[in-house]
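Overview (structure and organization)
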Amino acid sequence: MPEGHSLHRLARTITRTFGGAPVGASSPQGRFASGAARLDGRVLTGAQAWGKHLFVEVEDEVLHVHLGLYGTWVRSRRPEPEPWGAVRLRLTGQLWYADLRGPTACDLVGPAGREEILARLGPDPLRRRPDVDAFVRRVAASRAPVGALLMDQSVLAGVGNVYRAEVLFRAGVSPFAPGRTLGEDTVRALWDDLVVLMRDGVRRGRIVTLETDDVALLADLDHDRPAPDDPDLDGGEDTAARRRLRRSTGVYVYRREGRPCARCATPVRAEDFHGRRLYWCPGCQRGPR
DNA sequence: GAGCTATGTAGAC
DNA sequence: TCTACCTAGCTCT
């Protein structure tokens, strides 16, 4: 699920799985055939993420991948089956293979191309030594709503719609508040919380923003839904229904339109905002609207 | 099983 | 501003 934490996790997986050895590369779909031919049989030295962008180094080549909304990169044990669906790129190592499907970007860009992409991106809370001050200055000087600034990858790299909604809720800040009205301390606190939340996301492989105490509280408020650990639910198997419930109790406002806020029980609101769905609690998040 | 929706971006117009 | 990308999980029937 491609917000920044997923890409950092993916970079780590690719480096551990294929790093330091030659890889086979092919494009069963055909759309990356010439690029795959240039990678085939060469040594993959490592992969790195910056925001939602992934860079895979294969000797002197740099492969740039952006998963977009529904791209996936799935790793499995060999022997590899015949590809199904539209596999843009298949990497094959000694023990594993990995199929890339549906990316927005999959190109060989070279070191210079990578620098061009990085120059367009703001600091990434998951990188070492990010330029926090650049983020604070940019937000604190802007008339744009903070809900739009957090999604602008040139302001901050790696945050998507879930982290945007959740970090603003946790800070009690309205997404409609202009950046310049927040004050530097609040902007810095947003950054600090994103570092905590996104590192946790890398570790877990999913986004969880609820504080421990609020998990039970939210389950109570959602009294029309069974609790995630209800033994009567599907006989305790790890079914789709159970997985859905587990997901639904991981966040405060994202995709909880109309459901009670865990902190104040006000129904969570949602509306289309700059082309994306925006979720917030009008009771907890003070400011305009 | 069909239909809908989505954690996103680039490029055409 | 609209469309392509063409996946995958969910809801509805």
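Procedures and definitions
Residues numbered from 1 in each chain as written. Chains lettered and ligands numbered in written order. Predicted model: local features only at pLDDT ≥ 70, side-chain atom pairs only at ≥ 80, totals over all residues. Heavy atoms only, no water. Buried < 20%, exposed > 50% of the residue type's maximum accessible area, 1.4 Å probe, protein only. Helix = DSSP H or I, 4+ residues; strand = E, 2+ residues; numbered from the N terminus. Pairing = 2+ DSSP bridges. Core = buried A, V, L, I, M, F, W, Y, C linked by side-chain atoms within 4.5 Å. Contact = heavy atoms within 4.5 Å. Domains from an automatic or database assignment. Salt bridge = Lys/Arg side-chain N within 4 Å of Asp/Glu carboxyl O. Polar contact = N/O pair within 3.5 Å; in protein donor to acceptor, adjacent residues only side chain to side chain. Nonpolar A, V, L, I, M, F, W, Y, C, P; charged D, E, K, R; others polar.

**Quick look at the pairing of strand β5 (residues 61–66)**
Of all 6 residues that make up β5, 6 are buried, and the element is covered over most of its length. Side chains Glu61, Leu63 and Val65 project from β5 onto one buried face, and the interleaved Val62, His64 and His66 project onto a second face that is buried too. Relative to β5, strand β4 (residues 53–58) is paired through 6 bridges, and the arrangement is antiparallel. In the sheet register, Glu57 faces β5, and the bridge partner there is Val62. Bridging between β5 and strand β9 (residues 105–108) involves 4 bridges; their strand directions are antiparallel. Paired with His66 across the strands is Ala105, a residue of β9.

**Some details on the nonpolar core**
Phe135, Leu150, Leu156 and Leu182 are the most contacted members of the largest nonpolar core, which has 27 residues in total. Listed by contribution, the elements that provide at least two residues to this core are α4 (132–140), α5 (146–149), α6 (161–171) and α7 (184–204). If you tally residues by element for this core, the top one is α7, at 8 residues. Those residues in contact with Leu182, other than ones at most four positions away along the chain, are Val139, Val146, Val173, Ala177, Val187 and Leu190.

**A short note on the domain arrangement of chain A**
When cut into domains, chain A gives domain 1 (4–119) and domain 2 (132–280). The interface formed by domain 1 and domain 2 contains 0 salt bridges. Connecting domain 1 to domain 2 are 4 residue pairs in polar contact (both at pLDDT 80 or more). Per-element accounting of the side of domain 1 that touches domain 2 gives the leading share, 5 residues, to helix α1 (residues 4–18). Counted by class, the side of domain 1 that touches domain 2 contains 1 nonpolar, 4 polar and 3 charged residues.

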